[in-house]
Each structure stands twice: as structure tokens, then as C-alpha cells.
Amino acid sequence: MTQTLEPQAEPDATTPDARAQAWFAAFESALAAADGAAVADLCARECYWRDLVSFSWNLTTVEGHAGVADLVTENAARVAAHGFALTEPADEADGVVTAWFGFETSVGRGTGLARFVEEDGGLRAWTFLTTLDEIKGHEEPRGTRRPKGVAHGAFKDRVTWKEAREQEAADLGVTEQPYVLIIGGGQGGIALGSRLRQHGVPALTIDKHDRPGDQWRRRYKSLCLHDPVWYDHLPYLKFPDNWPVFAPKDKIGDWLEFYTRVMEVPYWSKTVATSASYDEERGEWTVEVERDGQPLTLHPTQLVLATGMSGKANVPRLPGQDVFRGEQHHSSQHPGPDAYAGKKCVVIGSNNSAFDICGALWEVGADVTMVQRSSTHIVKSDTLMDIGLGALYSEEAVAGGVTTEKADLIFASLPYRILHTFQIPLYDQMREKDKDFYDRMEKAGFWLDWGPDGSGLFMKYLRRGSGYYIDVGAAELVADGEVKLVRGQVDHLTESAVVLEDGTELDADLVVYATGYGSMNGWAADLISQEVADRVGKVWGLGSDTPKDPGPWEGEQRNMWKPTQQPGLWFHGGNLHQSRHYSQFLALQLKARYLGLDTPVYRLQEVHHLG
Ligand SMILES: Cc1cc2nc3c(=O)[nH]c(=O)nc-3n(C[C@H](O)[C@H](O)[C@H](O)COP(=O)(O)OP(=O)(O)OC[C@H]3O[C@@H](n4cnc5c(N)ncnc54)[C@H](O)[C@@H]3O)c2cc1C
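Below or above, wherever it landed, is the structure these notes cover. (Residues numbered from 1 in each chain as written. Predicted model: local features only at pLDDT ≥ 70, side-chain atom pairs only at ≥ 80, totals over all residues. Heavy atoms only, no water.)

## Observations regarding empty space enclosed by the protein
One way to see where empty space is left: roll a probe the size of a water molecule over the atoms.
Inference 1: Under the counting rule described, the total for this entry stands at three cavities of 30 Å³ or more.
Inference 2: Approximately 90 Å³ is the volume found for the largest cavity.
Inference 3: Every residue lining the largest cavity is counted, 13 residues in all, and those nearest its centre are F411, Y416, F458, H577 and Y582.
Inference 4: Elements represented by at least two residues in the lining of the largest cavity include exactly α12 (404-412), α13 (416-433), α15 (456-463) and α19 (576-595).
Inference 5: Take the lining of the largest cavity: its biggest share by element is four residues, from α19.
Inference 6: Reported here for the second largest cavity is a volume of approximately 40 Å³.
Inference 7: As for the second largest cavity, its lining consists of W23, F27, V39, C43, C47, Y48, W49, V68, A125, W126 and F128.
Inference 8: At the level of secondary structure, the elements contributing two or more residues to the lining of the second largest cavity comprise α1 (16-32), β1 (43-52) and β7 (122-135).
Inference 9: Ranked by residue count, the leading element in the lining of the second largest cavity is β1, at four residues. (1 Å grid on protein atoms, 1.4 Å probe; cavity = no way out; pocket = protein on both sides within 12 Å on 5 of 7 lines; lining within 4 Å. Points joined across faces, edges and corners; volume = space filled by probe spheres on them. Helix = DSSP H or I, 4+ residues; strand = E, 2+ residues; numbered from the N terminus.)

## Overview of the site of the ligand
Inference 1: Around the ligand, the structure places 30 residues, and the nearest of them are Q187, G188, D207, Q215 and H226.
Inference 2: R219 places a polar side-chain atom, nitrogen or oxygen, 3.1 Å from an oxygen atom of the ligand.
Inference 3: Here a nitrogen atom of the ligand and a backbone polar atom of A273 are 2.9 Å apart.
Inference 4: Isolated, the ligand exposes 970 Å² of accessible area, and the fraction of that covered by the protein chains is 93%.
Inference 5: Those elements that place two or more of their residues in the shell around the ligand are α5 (187-199), α6 (214-217) and β11 (271-279).
Inference 6: Among the elements that line the shell around the ligand, the one with the most residues is β11, at three residues.
Inference 7: The residue inventory of the shell around the ligand, partitioned by class, reads eleven nonpolar, 15 polar and four charged. (Near = heavy atom within 4 Å. Polar contact = N/O pair within 3.5 Å; in protein donor to acceptor, adjacent residues only side chain to side chain. Areas by Shrake-Rupley, 256 points an atom, 1.4 Å probe, with all protein chains shown as cover. Nonpolar A, V, L, I, M, F, W, Y, C, P; charged D, E, K, R; others polar.)

Right, here's the structure in full:
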């Protein structure tokens, strides 16, 4: 009997999948040889490799062939990355092949996202993201690894979950020192505390407020989140699907309190850190705290300042503040509008807080004037949701398979150097869509900007953390003249007025300084010393050489979530998205140190500015 065999179809080497696989095969062998030049040859002439911890024990982006070659030469042998494999079929659109991949290193497993372009007759990497997900042998106890929760059987002296938790709480900080102390229990400290708990790293989060969530509760009463729910999830536990798109501040406060409890985050309320010092020899901090008024000394190995990028109030010093007879406070101290019905209120500043406060004061019938000192970028919330965030963070995105985790990685995969080029067209669309609104604002005398290069809100946030308003309604009050607008610099205060440099006098019963916040290394100066604050340097910003973000180019957010020049000192925070995503990488860096792994830091943060 003769058997005819159908010829086996050759896999199509021209599919995006096959081409990406071939690229990874070549990449893996060049990496195995620690051949920086060979890896660089696989990259486009314009290329960016962003590594979140997996290769560099740092958050770093290298650029161009020289940058890639350096990263490989310095790290590849130690990292021994291997097992690169596509985790879903590669995709091609507009001449760019996009590939999600997994890989292993000598210590962990990671995920990556690459974009390839055709160059010199082959596929070349254009943007390349590598991230560390877990440390081998120390995976988080989740999913199939979840704890059993019960010891079936019969035991003498059985210890229940509640008893164990109570014992742990009694020991922590007394007989057991936390390996990590997180000062600041806002969303940042809570998210990181939750991650470290999962990782089994002994950590303690402390906050001076009475209850977790109070940092949101204490803000002005009209405040709702400016970002939508899909962008705001905390790690591990997502908001339920009936959660409002824009959560009111007290609801977020309650969620943070509930989250802290159910995620078993070791957390001390009513605890203020008063000073900290580092013993280089012992590699240990001495942190003086007052817990419920009682002094106590803690000795963590790692100290995280999660004290808030919007926490260190910037209050201008103005002549006459001492003689002014009305009330004056920074926006962070503003209690809400109720006491000011019928009063003359002058709000200095024209960004988010200023608009929110002006709007709320107007709603109770106050006479409100906004003082605009510099230009402001405004986008309407609905427009921002539709055009700016919708593709990654929306119900439609989730339905289309873009989970929060995926969205975070897609976002992270866009190198900061070119992020503005992705943003500019979006903001052009927004400007066009709401042209009528912008025309009315300018007619009212409002000084608008779109960022120094037209790249809009998110770039302003990353570069300087200020200079914008997400309009949820109050801008119309300025356009209509319901909230009065004056432009200029404040010269001084009198007993009853704010006086501008041009002599304009604004009668005031209340002055609100909506004048923003200072660099987070100011917290280090307050708590540790000016010397340590200067050693660490400015926190936040990209080095874009745009207003309030001086160069040189950093490629990453300065000092955030990564090692600083001060051993054992870390900064954490940002918006809810950043708190969620970057706490993953900070937690893994802390865990690696807790486990005693070798963690040589590639390209440790340099210091170019003091604050
Ligand atoms: C008006 C306003 C609106 C905002 N809206 C949004 C939004 O819609 N979406 C979004 O994602 N972000 C928003 N942000 C930005 C950011 O998310 C918040 O500022 C957020 O609160 C930052 O969280 P955090 O944990 O980093 O810091 P914070 O929430 O500021 O928490 C820091 C904590 O540190 C504590 N602390 C400080 N010093 C000490 C000490 N020495 N000892 C003990 N505890 C200390 C404080 O008590 C505080 O609770 C907004 C910010 C402001 C000001």
C-alpha cells in the first residue's frame, strides 16, 4: 500500500509573528554573548530601550545604538536573560510590528512590549520595554499559589487568623522592626504597603492622619477625582463595576481605608515621623516617630518617603501677609466654601485647585476673583476622556481586551523622549473639538497655553506636575465673567486687599494661595537633613528643558521609584495610575534587597538640581 504524504506547509516567514520570532531568536543569541554591538544592530537607528528593573535594577531608558550597546555590555552576562517568547500573536499596523513577549532572567520573570520597524532590509527594534514581574522562588502567593487560609486537622493551641494578626500588630515596631518604613499613608503608601505585604516583606506604613483616606477627605469638599475610574485602580483589587467614573473625594477616602484593611496593610494612623538619620555602617535608619502622642524609635533598613508630590505646600511670601485682617490659607488647607457665602474671595493661581475652589465658592454665593499669574493649559474633562485616555483606560478599552495591566504596560512602553510626539496630535484634536470654548476663554482674558511644544496635559504633569486644569465646569464661570479674572503678579497685601504689581486692588475677606507644591526632596530636608536632600537632588521631572523642568535630559522621572544617591532612601507617589504601576517595581527592588540578592544599579540617578 502506498501512502501519499501531503507536503508539510512551510511556516510563512513573512508574517509579523514569524518575523518577530526570528528577531527574538537573533536577539537572544546576541544577548547570550553579551554582544552589545550585535544587539544594537538589531535596533533601528532611532531606538529606545526602557527597562523597569529586569536588566538594570533601576528604572532607566537608553537611547540609540550606543545606549543599547552599553546596557547590554554592562548587564547581559549577569542578567542571563533567556526564553524570550511571544505571549500573543504579533500585530502589524502602519508599518510597525508590535509584539508582547515574556522572558526570564537569572533571578526573575518579566514581560515586555516591543515595536519594530523595517530598516536596512530587516526588522529592527524601535521601542523596547522590559519589566520585571516576579522573583523566581519568591512568587507572590496569588492565584494557584494563594494561601490555604486554614490548617485542616486538630491542633492544640490553634492560632486563628485574627489572633495571628493581633500578635503581629503588637510585635511590629516593638519587638519586630519593619524592613521597610513607608512615611506617608496616602494612596501611594497604601499601594506600596499592599504590594510589600503580598511579597512577604516586613513593612510598615505610617501617617499622621486619624484614618487611612483622610488625605483625600480633608481636601476641599467639592473635589472629585479628575481622572476616570479605569485609570485609578489600586493594585490587586479593582473598583467594582458600579463605581462612578469620577469618584468623590470622600468615597475615595473610604475605599482607601477599606482597602488598607482587607489587603492587611500594616498601617499606623495618628503617627508622625519627626526625624530620620542613616547609619552608613549599619545600613540602617533611625526614625523618630510619635504614635498617638507617644515617642517611639524605629530602625528600618529601607525608608520610603510617600509623603506626597502634592503635599509640600508652596506658599508665596508676600509683604503685608502679617497685616491682612481676613483669612488666608494655601489651597491644601482650604476647608471648602461654606463659611464664605457673600464674602469677597481672592484665589491666587489658575490651575486645578484654583478652578475647583473658585467654582465651589461661586456655588455658595461668594464674590470670587481669580488672579492668573502665568499661562494655564485647560482641557475639558469629557474631551480628555474621549481623545486622551479612552484608547487605554475606558469601558471600551476593557471590552477590547485592554486590561488595566495591559494599558499600564502600553503606556510605559512609550519612551518619554518621544511621548510628546504621540500627545501633540491628540491635543490638536482637542483644541479643534472645543475651539468655541477656547475662543470664549481668551475673549474673557484668560491666558491659555498647550505646553511649550503643544503636547498638553500629560507631558506638563510628567515634566513639572503643574500648570493645567482639567475642566469640570468652573472654566465656564471664568468665560462668563461669573468668576472675575485678573492677570498679573501679586505685589503685597494690605489689611483688606490683595494689591497687584500694576496697582490693581482686590478687596478680600479670604485669600487662597492655590500656588502649588514643592519638590519632594523638601520632605527629605525636613525629616532627615538638607545635606541628604541635596545629595538626592530634585525629585520629579524629566529634564525636558521646558519651564520648571530644567535639563539635562534624564529619560525617566527624577528619583521616583528607583534608587537615589542616598542608600536606603526612596520616593514614591504620583497619581493613582503611577502609584499602582510603579509600586510594582519599587516593591520588587525592595524585596530583592530584603532577600539579599545582588542588585547592582545600572545608571544610578545623577544629580543636576538641588530642588
Ligand atoms: C486637589 C487635588 C486633586 C487631585 N486629583 C487627582 C485625581 O483626580 N487623580 C489622581 O490620580 N491624582 C490626583 N491628584 C494628585 C495625587 O493623586 C494626589 O495628590 C494624591 O493624594 C497623592 O497621593 P500620595 O499618596 O502620593 O500623597 P498624599 O495623598 O499627599 O499622602 C501623603 C501622606 O503623607 C503623610 N505625611 C506627610 N508627612 C508625614 C510625616 N512626617 N509623618 C507621617 N505622615 C506624613 C500625610 O499625612 C499624607 O497623608 C490630586 C491632587 C490634588 C492636590
